[in-house]
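Architecture and fold: a report
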Amino acid sequence: MIQKEAEKIFETRELNVNMGPQHPATHGVLRLVLDIDGETIVKVTPYVGYLHRGIEKLGESLSYFQALPLTDRMDYVSAMSNNIGYVVAVEKLFGIEAPERAKFIRTIVGEMSRISNHLLWLATHALDIGAMTVFLYCFREREWLLDLFEMICGARLTVTYPRVGGVRNDVPQEFLESLWKFTDEFPSRILEYETLIDQNRIWLQRTVDIGVISAEEAINMGMTGPTLRGSGVPYDIRKHMPYDAYDKVDFDVPIGTKGDTYDRYRCRMLELRQSNNIIRQLIEKLPPGPVMVDDPKFTLPPKDKMMPITHPTKEIAYFILEKACKGCGMCMRACPAKAITGEKKAAHKINQALCVNCANCLVTCKFKSVTVVSGGKGLSDEKLAELAVAPDQLPEDIKQAQQLLVKQFEFIKKGPKAPEGDLYVATEVPKGELGFYFVSDGSGKPFRMRLRAPSFIHAGCLPRLCVGHLVADVIAAIGTIDIVLGECDR
Amino acid sequence: MDINNIISPQLLDAFIKFGINVLVIILKIVVVLAIGLLHVAYATYFERKVIGHMQVRLGPMRVGPHGLLQPFADGLKLFFKEDIVPANADKVVFYIAPIIFMAASMVNLSVIPFSYGFTIADFTISPVIADINIGLLFIFAMAGMGVYGIFISGWASNSKYAFLGGLRSAAQVISYEIAMGLSLVGVMIMAGSLNLTDIVRAQEESVFGMFAIPQIVGFIIFTIAAVAETNRTPFDMPEAESELVAGYFTEYSGFRFALFFLGEYIAMIIMASMATICFLGGWTLPWYITQVVPFINYVPGIVWFLMKVYACIFFYYWIRATLPRYRYDQVMGIGWKILIPVALANILITGLVKIIMTMYGA
Amino acid sequence: MAVTEVRISIHTTGLNPKDIAEKIKGQFPDQVIDVAEFRDQVSVIIKRDQAVAVLKYLHDDPVLSFDHLQDLTAVDYKGKKDIRFEVVYNLYSTRYRHHIRIRAQVPENDTKINSAVPVWSGADWHERECFDMFGIEFTGHPDLRRILMPEDWEGYPLRKDYPLKGPELDKDWPGFTDVLKRSKELREFDWEG
């Protein structure tokens, strides 16, 4: 009664708080505009796009092989999983199968990536709710995994280790040993985190019955991954549409019942154990064999065969045969050092002092006028003209190297041609369903590359999870849906 | 002219005594302030080291051996930082707020006794700046003053995060002050005094040696309330980093920020001293320990006092490294629904026991 | 404990996608334009007018039960096809494990299609992104704003006629030119006073 009277006299409105894009708990550059009544959330409006880099647009101008590093930069917390998602999709588009060993290795690193992602999720989720120590415990183990990544590919975060048709290189024995040791110790480490928070009364009060979402609603909103499984939907792409070696391992999928923050937390904790188990099975079963598909269409030519031209100690010089040169200017444009000069329709010349031996002129010339002179380094133009022979009269090894170089050039520049059609391939990354939708027009570049990022959908679910709760629960909700803004904004 | 003609010898004597008293008080203030601030500096170092080792890392290691000079480096850095005042802030209030907060918590140092008084050539020096009879009440009053510092800093910053932090803090500190006050009523009943020195003396003479044993309920309530009162994890609502960025001092930088920081740590030391004095027997040891190992009596009381205080502070750090943060409504729920009723029941029982004991002349 | 580990079988598949396409054809004979197949995935190309009705049928039919909207996006077929845009819906049934792709054709001169939000609430942000990137308007969408690009951005970046490098500098987004201008001003600021 009094309140109603008061409302007549005083105008009241919600406090409008702008959370982010710079905020300790929004996991990047997410911006939430909160309308709060006291501490209760009335309305949440998420704003994304601060990290938009146009990966889909970039992908249209790169060949299928070149776009791979872009996927690292999406979900940089589990870059390996993104790479795998991409290569699985492209392999399906081209209709090729990676060798068995490569599939196993990809599954291993994918599960490692899942563990490292869930560790980072747990660390930040716990830190947001205030449990600081879990954060550092998780980073201790994550560090180990990142070191293992470094061991196989030299990079810790943006790995680009899987390739279309296999993986970049075979794993060393020390890697497998260290990983085996990790899987031995990891279950006890999980117990360590759980002693800190699992039965902790405060943790339970902060997570149980917070952000409840029913199974029907969760699937209707497009949630995937552990976020969906916490609500009790048994949807896991590793089981539904198995890729790589997931049909050869034995694992269970944790399913929640209530769909609250605690269930999602438990799902991920159990997933850590399952992933650990998967890695152990795969290491035991790891078959021998090649790690890259044996098809010259999808691999770069062997480096040693190109050595006669590309090796820096071979003292070669490039020379343009005056007779053959038509003066089209292609080589001039291709030369990065601007060493080639000449008028149109007249023979061009290479300034040997500027030449950096990149071989760009060699592969661009259509008239076979550029040739290689072994031991021609530092010689004068007249001397070179004496020594130079037409490209088809060169020694066999140089000739072969030259051909391979042209092939490599075409591979990088144009890429192998994909069959015409459109294809949607989804993989289970730690955050949910990462889908790639390709429309191919038969060229070496995708006509349209669409990324279905789980974080993007999950960020869209935030208002549904937050409204009606308190400010502190917004933080728990951001943590529980496990978003990375690099992936959300693409 | 003889000096005796102008001032009588008695008056002169009184003057000299007065002068020496003033000198002693000034000396005491200087000593307590210097040692107090040094303690604060090293309390931060202690915290970082303790929590660091709990979290499988080392803590500060770079400045000085084992990072021992880190507090000075931090202080220096804060001192030379740019003092930023938000354009829309209420400037005067913005300047005053940290001073109020810091002063309110530092004044408390004046009523904390560290040991029994001792006599040097007719002068009884009690190791407390102001040995007042309402020591306990004074500390409550000053803790209440500190809230003003927090609240007006939140208001004056003209920032929504700071505002929310200030609101939370005002609500929280007021609620927990009640619980804390009530938890100490049991101690007051048992000691029959509000003077902190008398409370320690009462514990020394009691059967249990310290009030933590008969007043265990009060002690637990006090510990929880003290954590909430000093805005530390798991009750660090006002500055909840992941929600409100830094709460009420979000907009403060440089030395003004340092004042808040100092005030918070001094408040923590005060609370630890309160727990020591009111529940753990202050600088005395229970008779059942001193009688078993009599040579322990030669250790000066202040050592025990400091050891107890540091044990309490260590406890603060320990829970910070262990526990997540409560939500705002849960904090209020604990304060009003659990701590205050239990504290009231505790008072009732303590009072009844006291009446029964006096009736039967124990 | 609330969370349990369950065993999900690998080898259960639902209906053959071609049968689903036939079913759609049977239900909406005048809507289906074409059915395409590539690598075991079937796309049903439909007219846009009844697109949401088709989707609703797929979602609600107890035998089909496409409860999961995997992806919603658009493709710009400029220079490849007569009808320039296609809105693509990738659907999946988590219960019966079958997949179908619906492609609704949207002409260039009238880029409008009904919103799928009433069927799947998860379509919300997907459609906003399509609007942002292709300029396709989803009628009936609750809150159709730009999502990834700034609100006052001009042009639709994923269209084929939009240059990869973005617009010319003088036509660039005002927010960016403002930053450039201000950084230039600040560079000339006299720090020494």
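Residues numbered from 1 in each chain as written. Chains lettered and ligands numbered in written order. Predicted model: local features only at pLDDT ≥ 70, side-chain atom pairs only at ≥ 80, totals over all residues. Heavy atoms only, no water.

A tally of helices and strands in chain C yields four helices and eight strands. Sequence-ordered secondary structure for chain C, helices as α and strands as β, is β-α-β-β-α-β-β-β-β-α-β-α. Computed over C-alpha atoms, the radius of gyration of chain C comes to 22 Å, more than 25% over the 16 Å expected from 2.2 N^0.38 for 193 residues, which places it beyond the range of a compact globule. Taking the principal axes of its C-alpha atoms as reference, chain C extends roughly 75 × 55 × 30 Å. Sorting the 193 residues of chain C into buried and exposed places 49% on the buried side. Partitioning the contacts of chain C with sequence separation of at least 6, the portion at a separation of at least 24 is 51%. Put simply, chain C shows about 10000 Å² of open surface, and 51% of that area lies on carbon and sulfur atoms. Counting 28 positive and 35 negative side-chain charges, chain C places the centres of these two groups 5 Å from one another. (Helix = DSSP H or I, 4+ residues; strand = E, 2+ residues; numbered from the N terminus. Rg over C-alpha atoms; globule rule 2.2 N^0.38 Å. Buried < 20%, exposed > 50% of the residue type's maximum accessible area, 1.4 Å probe, protein only. Contact = heavy atoms within 4.5 Å. Areas by Shrake-Rupley, 256 points an atom, 1.4 Å probe, with all protein chains shown as cover. Lys, Arg positive; Asp, Glu negative; His and termini not counted. Charge placed at Lys NZ, Arg CZ, Asp CG, Glu CD.)

What follows deals with a nonpolar patch on the surface. All names here are of chain B. Together, Leu348, Ile349, Leu352, Val353, Ile355, Ile356, Met357, Met359 and Tyr360 line one region of the surface with nonpolar side chains, adding up to about 980 Å² of accessible area. Relative to the helices and strands, Leu352 resides in helix H13 (residues 328-359). Among the residues examined, Leu352 registers a relative accessible area of 48% and is labelled partly exposed. (Patch = residues over 30% accessible without salt bridge, like charges linked within 9 Å, V, L, I, M, F, W, Y side chains within 5 Å. Salt bridge = Lys/Arg side-chain N within 4 Å of Asp/Glu carboxyl O.)

Let us now look at the interface of chain C and chain A. On the chain A side, the residues contacting the 56 residues of chain C number 65 residues. Summing both partners gives a buried area of about 5100 Å² for chain C against chain A, and 56% of it is carried by carbon and sulfur. At the junction of chain C with chain A, the criterion picks out seven salt bridges. Linking Arg450 of chain A and Glu129 of chain C is a salt bridge whose minimum nitrogen-to-oxygen distance equals 3.0 Å. Applying the counting criterion to the chain C and chain A interface returns 27 residue pairs in polar contact (both at pLDDT 80 or more). In terms of residues, the side of chain C that touches chain A owes the most to one element, strand S4 (residues 68-76) of chain C, which gives nine residues. Of the residues contributing to the side of chain C that touches chain A, the split by class is 27 nonpolar, 14 polar and 15 charged. (Buried area = accessible area lost by both parts, 1.4 Å probe. Polar contact = N/O pair within 3.5 Å; in protein donor to acceptor, adjacent residues only side chain to side chain. Nonpolar A, V, L, I, M, F, W, Y, C, P; charged D, E, K, R; others polar.)

A few words on the nonpolar core. Counting residues in each nonpolar core, the largest one holds 184 residues, and the members touching the most others are Tyr86 and Met112 of chain A together with Leu58, Tyr89, Leu91 and Ile102 of chain C. The element best represented in this core is helix H5 (residues 100-129) of chain A, accounting for 13 residues. Discounting residues that sit within four places of it in the chain, Tyr86 of chain A has contacts with Ser63, Tyr64, Ala67, Leu68, Thr71, Phe436, Phe438 and Met449 of chain A. Of all hydrophobic cores here, the second largest spans 72 residues; its members include Val32, Phe114, Tyr328 and Met332 of chain B. (Core = buried A, V, L, I, M, F, W, Y, C linked by side-chain atoms within 4.5 Å.)

This brings us to the interface of chain B and chain A. Between chain B and chain A, the residue contacts involve 27 residues of the former and 34 residues of the latter. Linking chain B to chain A there are two salt bridges. Between Arg327 of chain B and Asp473 of chain A there is a salt bridge; the shortest N-O distance is 3.2 Å. Joining chain B to chain A, the criterion identifies 11 residue pairs in polar contact (both at pLDDT 80 or more). Contributions of two or more residues to the side of chain B that touches chain A are made by helix H2 (9-54), helix H6 (160-191), helix H9 (241-244), helix H12 (301-322) and H13 of chain B. If one sorts the elements of the side of chain B that touches chain A by residue count, H6 of chain B sits on top with five residues. When the residues that make up the side of chain B that touches chain A are grouped by side-chain class, the tally is 13 nonpolar, five polar and nine charged.

Another point: helix H7 (residues 196-205) of chain B. Taken residue by residue, H7 of chain B has Leu196, Thr197, Ile199, Val200, Ala202 and Gln203 of chain B as its buried positions. Taking the backbone nitrogen of Thr197 of chain B as reference, a side-chain oxygen 2.8 Å away marks Asn195 of chain B as the first, capping residue of H7 of chain B.

Residue and element names in this part refer to chain A. Strand order across the open sheet formed by three strands is S11-S12-S13, with antiparallel pairing between neighbours. Strands at the two margins of the open sheet, each flanked by one partner only, are strand S11 (421-429) and strand S13 (448-452). Averaged over all adjacent pairs, the angle separating strand axes in this sheet is 15°, with direction ignored. Alignment of S11 against strand S12 (residues 432-440), held across nine bridges, turns out to be antiparallel. Paired with Asp422 across the bridge in S12 is Val439. (Pairing = 2+ DSSP bridges. Axes fitted to C-alpha atoms, helices over the stretch in contact; angles between N-to-C directions.)

Before going further, it helps to spend a moment on the pattern of salt bridges. In a structure, side chains of opposite charge can pair up when their charged atoms sit close to one another. Under the counting rule described, the total for this entry stands at 57 salt bridges over all chains. Of the charged contacts, one joins Glu56 of chain A and Arg450 of chain A as a salt bridge, the two residues approaching to 3.6 Å between their closest N and O atoms. Here the residue Glu56 of chain A occupies a position in helix H2 (residues 55-60), and Arg450 of chain A occupies one in strand S13, the gap between them amounting to 394 residues. The burial state of Glu56 of chain A is the same as that of Arg450 of chain A; both residues are buried. Note that Asp74 of chain B is salt-bridged to Arg48 of chain B, the shortest N-O span being 2.8 Å.

This next bit is on the pairing of strand S3 (residues 40-47) of chain A. On a regular strand, one side chain projects to one face of the sheet and the next to the other, so that they alternate. Residues and elements named next belong to chain A. Alignment of strand S2 (residues 31-37) against S3, held across seven bridges, turns out to be antiparallel. Along S3, the bridge assignment pairs Val33 with Thr45. Between the antiparallel neighbours S2 and S3 lie two residues, among them Gly38 with a positive phi of about 70°.

A few words on the pairing of S13 of chain A. Residues and elements named next belong to chain A. Within S13, five of the five residues are buried, leaving the element largely enclosed by the surrounding structure. Pairing of S12 with S13 involves five bridges; the strand directions are antiparallel. Within the sheet, the bridge partner assigned to Gly435 lies in S13 and is Arg452.

Moving on: the confidence of the model for chain C. Residue and element names in this part refer to chain C. Here chain C averages 83 in pLDDT, and 95% of its residues register 70 or above. For chain C, per-element mean pLDDT is lowest for strand S1 (residues 4-6), which scores 72, and highest for strand S5 (residues 85-92), which scores 89. Among the scores for the predicted complex, ipTM is 0.86 and pTM is 0.84. (pLDDT = per-residue confidence, 0-100.)

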